[in-house]
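# Summary of structural features
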Amino acid sequence: MADELTLGAAALVVLVLYALSGGADYGGGMWDLLASGPRARRQREAIEHAIGPIWEANHVWLILVIVVLFTGFPTAFAVIMTALHIPMTAILVGIVLRGSAFVFRRYDVRDDAVHRRWSTLFGAASFFTPFLLGLCLGALASGEIRVTDGKVSSGFFAGWTGPFALACGLFAQGLFAFLAATYLTADTESEPDLQEDFRKRALASGLLLAPAAALAFLLARHGAPQIFARLTSWWAPLLVTVTSACAIGALVALWCGRFRWARAAAIGQVTCILVGWGLAQQPYIVVPDLTFVGTATDPKTLYLLKSALLAGAVVLLPSFVYLFYVFKRRPI
Amino acid sequence: MTDFLFARSQMALSLAFHIIFAAVGIGMPLLMVVAEGLHLRTGEAVYLDLSKRWARGTAILFAVGAVSGTVLSFELGLLWPRFMEYAGGIIGFPFSLEGFAFFTEAIFLGIYLYGWDRTPPLMHWISGIIVALSGMLSGIFVVTVNAWMNAPAGFELTDGRVTNIDPVAAMLNPASLQQVVHMTLAAYVATGFIVAAVHAFFLLRDRRNVFHRRALGIALTVAAVGIPLQMVSGDMIARMVAQRQPAKFAAMEGHYRTERGAPLTIGGIPDDAAMTTRYALRIPRGLSLLAHGDPTAPVIGLEDIPRDEWPNTRIVHWAFDLMVGAGCAMLAMAGWAAWLGWRRGLPDDPWFLRALVVAGPLGLIAIEAGWFVTEVGRQPWIIFGVMRTADAVTPMPGLVVPFVLFTAVYVFLSVILVYVLRRQFLETDPKTTPGRSGAAPGVSRGG
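Residues numbered from 1 in each chain as written. Chains lettered and ligands numbered in written order. Predicted model: local features only at pLDDT ≥ 70, side-chain atom pairs only at ≥ 80, totals over all residues.

### Topic: the overall build of chain A
Looking only at helices and strands, chain A features 13 helices and four strands. In terms of overall dimensions, chain A is globule-like: its C-alpha atoms have a radius of gyration of 20 Å, near the 20 Å expected for 332 residues. Along the first, second and third principal axes, the C-alpha set of chain A runs to 60 × 40 × 35 Å. Counting only residues that meet the buried cut, chain A has 57% of its 332 residues in that class. (Helix = DSSP H or I, 4+ residues; strand = E, 2+ residues; numbered from the N terminus. Rg over C-alpha atoms; globule rule 2.2 N^0.38 Å. Buried ≥ 20, exposed ≤ 12 C-beta atoms within 10 Å, placed from the backbone.)

See below:
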């Protein structure tokens, strides 16, 4: 496979990893804001314990997506950052407020009032940031961002303001909320009452995900016609089947209290959704004017970048294994 | 103000904010690892207590550094898309290496901060060492990118098109070594001084406090060893700039007329119209000696640089003098500390401690000033001699909005940070016996 496509695939893999790890951290923030009932405080603590040691590392996946994009596909990066200037800026504000609020809360808990104030900021930013991320991905797929002579010709509002992008935003929110609640059921095995709280939340968000997915799918017909047309390819029915099987499997496992199975199924579900989007989107990086091959930089840089990613993976994998071994081996 | 100026201001603000956390994020892990290492060697509980305290500060500063660094990686594209389009393929490579170094740092920092009672002591310490090393490495990679903007290399221009890209040569450009050494040392020195100042402040209240005495010993050692090396590295980088970027060098020195045996100009007010720096202190032949090691060597003045390629002379000259002044003051403090320390152990003379409290922020001030020298001094270029900053800016209108937004966010964060860190310090004030404050963060909250 050509280096351009290898790197495109690598960017997709990194994005999937970000969704599975960082995405779930956003979801954790949402459940933090929505913590309720007699165990609200304990729910928040469980979320904090689950996220605390790993959120910084999880966040780096996003930086890696950006770096791969601007090193490997600088023209596309310039276009994306110009056309999506407004939502991207809002994402940054969300990232800054969320990370800071989380760490301030952790080290500055004196009384409940202060704690709540930071929680509110952390939770609110956890809600709107993934919405904007979904919005941006939807915009890339929409086909409304147009490029003439290497410059954005469709202005600063194209793509991300349409109903399809909005549906993508909602879907991303729901997906991350579901993912987080499902992870949390597996993280709280030593506390059955807390586990039951998160089970209910996972089931509710998992069920709500179905209409959100349907909405995004229906809007794609007009909102992202190229992508929609791809869903007639040979692989599409297969992927839809596997995705649905994972989604239903996750719900059934949650219902039956098989939380590790539920976590695995939810991971499969998110992976399939993003891979499906990637397959439908390629060879375009920004539909319909920019392709991966067309915006790729010099072959030597691509080769080095590919090697760096491989070498990096060799360093990262054992580090990650150790991180999760230390913190996820037994409940905190 | 134009959109272009707002874009520049937003970038300057973001960098000025981030660089503090980046520098302290490189320096703090070294301090905490040294403290923990001393605990492993001596078994003294106070060192363990110390490394835990420092780790809490590191956690807060690292988190803010990580998110403000994310802002920068986006802003490169949000504000300077033409630059990224042009340079991404050439100089993105060290950024990708930085990504992995940062990854390693984040992973092992998680282990370090939360793993006090979940990892064997030696493994915990090794995790800290990995944090310190990868933090230093990510700083190095990022600085090579900035060095490339000052000394572009690793590509050829044919008919205005970039060809023959060599990302490794771009990373190892002629300015890299000097800039990397200077910035890395700056991070350690600045962290050493600011941390030493905090503990000096508490020692002034209670000179016998073992916790603060040990802390001061470590931080002051790092600072005092670093600053003489930093002066040498400063000399190296200045010679490099004199050779490669004569406009920046002339602006730094407030030097207008090309001449042999040029004097060193200290302070004063650069006057571009009159082509002289007024009211300055001049040391005959000093500049020729410093720049070229020869008191009679010619030094290019601004008069030989086209007027539209001058940087802002006042900002660059004053920032440069501020940086050098801060460096000299820190060197003097290090000398004083060495003199006192040589005579009777840890320097705890009240007048020294008071001076140290005042000198604490000098390292961070020098970093900010030095950053202004290198960035403002490179203007009007974003890639020296290749691309003008004005040609790199986004077509996006209304940049006043994100500028105001980020200013508000950063001011808000700064206020909160000072507040939260102050609390951490006050908690640090241990009437505490070692051990009481020894619980890991989070665990001490009872979960």
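### Details of the overall build of chain B
If you tally the helices and strands in chain B, you get 14 helices and 10 strands. Taken over the C-alpha trace, chain B has a radius of gyration of 23 Å; the compact-globule value for 447 residues is 22 Å, and the two agree within 12%. Structurally, chain B occupies a C-alpha span of about 65 × 45 × 40 Å along its principal axes. Here chain B holds 447 residues, and 55% of them are scored as buried. Sequence-distant contacts, at least 24 apart, represent 76% of the contacts inside chain B between residues at least 6 apart. (Contact = placed C-beta atoms within 7 Å.)

### Quick notes on unusual backbone geometry
A cis amide bond links Val287(A) with the next residue in sequence, Pro288(A), at an omega value of 0 degrees. With respect to the helices and strands, the residue Pro288(A) is situated in the loop between β3 (284-286) and β4 (290-291). A cis amide bond, omega 10 degrees, links Gln379(B) with the succeeding residue Pro380(B). If you trace the backbone, Pro380(B) turns up in the loop between α12 (362-378) and β9 (381-383). The residue Asp149(A) is not glycine, and still its phi comes out positive at about 55 degrees. Among the structural elements, Asp149(A) can be located in the loop between β1 (147-148) and β2 (151-152).

### Observations concerning the packing of helix α1 (residues 3-42) of chain B against helix α6 (residues 176-205) of chain B
Residue and element names in this part refer to chain B. One way to put it is that α1 packs onto α6 with a least axis distance of 8 Å and a crossing angle of 70 degrees. Judged by the angle between their axes, α1 and α6 are roughly perpendicular. For the element pair α1 and α6, the recorded crossing hand is right-handed. Two secondary-structure elements touch here, α1 through Ala 23, Val 24, Ile 26, Gly 27, Met 28, Leu 30 and Leu 31 and α6 through Ala 186, Ala 187, Tyr 188, Ala 190, Thr 191, Gly 192 and Val 195. (Axes fitted to C-alpha atoms, helices over the stretch in contact; angles between N-to-C directions. Parallel < 35°, antiparallel > 145°, perpendicular 65-115°, else oblique. Left-handed = near helix turned anticlockwise from the far one by under 90°.)

### Description of the interface of chain A and chain B
Taken together, the contact between chain A and chain B spans 52 residues of the former and 59 residues of the latter. Elements with a minimum of two residues in the side of chain A that touches chain B: α3 (55-72), α4 (74-83), α5 (85-107) and α13 (299-328) of chain A.

### Examining the environment of Leu170(A)
Residue and element names in this part refer to chain A. In this fold, Leu 170 is placed in helix α7 (residues 163-187). Given 22 C-beta atoms within 10 Å, Leu 170 falls into the buried group. For the pair Leu 170 and Ala 213, spaced 43 residues apart in sequence, the C-alpha separation works out to 9.1 Å. Setting aside anything within four residues of it in sequence, one finds Leu 170 in contact with Phe 131 and Ala 212.

### Digging into the confidence of the model for chain B
Summarising the model, chain B shows a mean pLDDT of 89, and 95% of its residues fall at 70 or more. Overall, residues 431-447 of chain B carries pLDDT values under 50, and its contacts beyond four positions in sequence, including any with other chains, amount to 23 contacts. (pLDDT = per-residue confidence, 0-100.)

### Details of the packing of α3(A) against helix α3 (residues 81-114) of chain B
Relative orientation of the contacting elements α3(A) and α3(B) amounts to 165 degrees, with a least axis distance of 8 Å. Compared by their axis directions, α3(A) and α3(B) come out roughly antiparallel. Handedness of the crossing formed by α3(A) with α3(B): left-handed.

### Brief notes about the environment of Met231(B)
All names here are of chain B. Note on placement: Met 231 falls in helix α7 (residues 210-244). The exposure class of Met 231 is partly exposed, given the 16 C-beta atoms found within 10 Å. Along the primary structure Met 231 and Gly 327 are separated by 96 residues, whereas in three dimensions their C-alpha atoms are 7.2 Å apart. Excluding its chain neighbours within four sequence positions, the residues that come into contact with Met 231 are Gly 327 and Leu 331.

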